[in-house]
Amino acid sequence: MSDVTLTQTIESDMPLSEELVKNALRQALATQFDKFKFNNANPNQFSCRVKTKLFNPIVSLTGNMQTQIQENKARIMVDAATKTNGWFWFTIFFSFFFPPGFLLDIWLYTSQKKKSIEAFNQALKQIEFQLGKL
């Protein structure tokens, strides 16, 4: 089940190819997320972590990316699921000794999940700017 499903339609002045769109998508997502990488076995699957400034990232994302291209139009769909990673369980462990830490864990998870949706939207806007019509 996915937590994030976003679509973007791009209309360009030049003919688009799947390789061009995926490279632009890879660059945009790599600037928005930490440890962004595509799966070698299935190039449409990816994994990444939310970039944070204050605390360690406790939210990881895995998902699929689909593109449909027809001449100078492209439609991109990102379907991702959020999950907790090792840092989350590390902070939960210490919250047993400091109970207010549970509130911090909940706040971190919800804020990083929200930030991941915003980061995907930003990346899709970057792609539309890079490949879109002038």
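See the structure shown above.
Residues numbered from 1 in each chain as written. Predicted model: local features only at pLDDT ≥ 70, side-chain atom pairs only at ≥ 80, totals over all residues. Heavy atoms only, no water.

1. Some details on the layout of surface pockets
By rolling a water-sized probe across the atoms, one finds the places where empty space is left. Taken as a whole, the largest pocket encloses approximately 180 Å³ of empty space. Every residue lining the largest pocket is counted, 13 residues in all, and those nearest its centre are F55, T91, L104, D105 and L108. Those elements that place two or more of their residues in the lining of the largest pocket are helix 2 (86-95) and helix 3 (101-131). Per-class residue counts for the lining of the largest pocket are eight nonpolar, four polar and one charged. (1 Å grid on protein atoms, 1.4 Å probe; cavity = no way out; pocket = protein on both sides within 12 Å on 5 of 7 lines; lining within 4 Å. Points joined across faces, edges and corners; volume = space filled by probe spheres on them. Helix = DSSP H or I, 4+ residues; strand = E, 2+ residues; numbered from the N terminus. Nonpolar A, V, L, I, M, F, W, Y, C, P; charged D, E, K, R; others polar.)

2. Topic: the packing of helix 2 against helix 3
Geometry of a packed helix pair, given as the angle between the helix axes and the separation of the axes. For the pair helix 2 and helix 3, interaxial distance at closest approach is 8 Å and the crossing angle is 160 degrees. Accordingly, the angle class assigned to the pair helix 2 and helix 3 is roughly antiparallel. Along this stretch, helix 2 crosses helix 3, giving a crossing that reads as left-handed. Mapping the contact onto sequence places F88, T91, I92 and S95 in helix 2 and G101, F102 and D105 in helix 3. (Axes fitted to C-alpha atoms, helices over the stretch in contact; angles between N-to-C directions. Parallel < 35°, antiparallel > 145°, perpendicular 65-115°, else oblique. Left-handed = near helix turned anticlockwise from the far one by under 90°. Contact = heavy atoms within 4.5 Å.)

3. With respect to the pairing of strand 2 (residues 33-38)
Where strand 2 meets strand 3 (residues 45-50), four bridges bridge the pair, whose relative direction is antiparallel. Residue K37 lies in a different strand from strand 3, and its bridge partner there is S47. Where strand 2 hands over to strand 3, the hairpin turn is made up of six residues, counted between the paired strands. (Pairing = 2+ DSSP bridges.)

4. Some points on the packing of helix 1 (residues 18-32) against helix 3
Contact pair helix 1 / helix 3: the axes reach a minimum separation of 9 Å and the direction vectors enclose 135 degrees. Taken together, the axes of helix 1 and helix 3 lie oblique to each other. Where helix 1 crosses over helix 3, the handedness of that crossing is right-handed. Contact residues: helix 1 offers L20, V21, A24, L25, Q27, A28, L29, T31 and Q32, while helix 3 offers A119, F120, Q122, A123, L124, Q126, I127, Q130 and L131.

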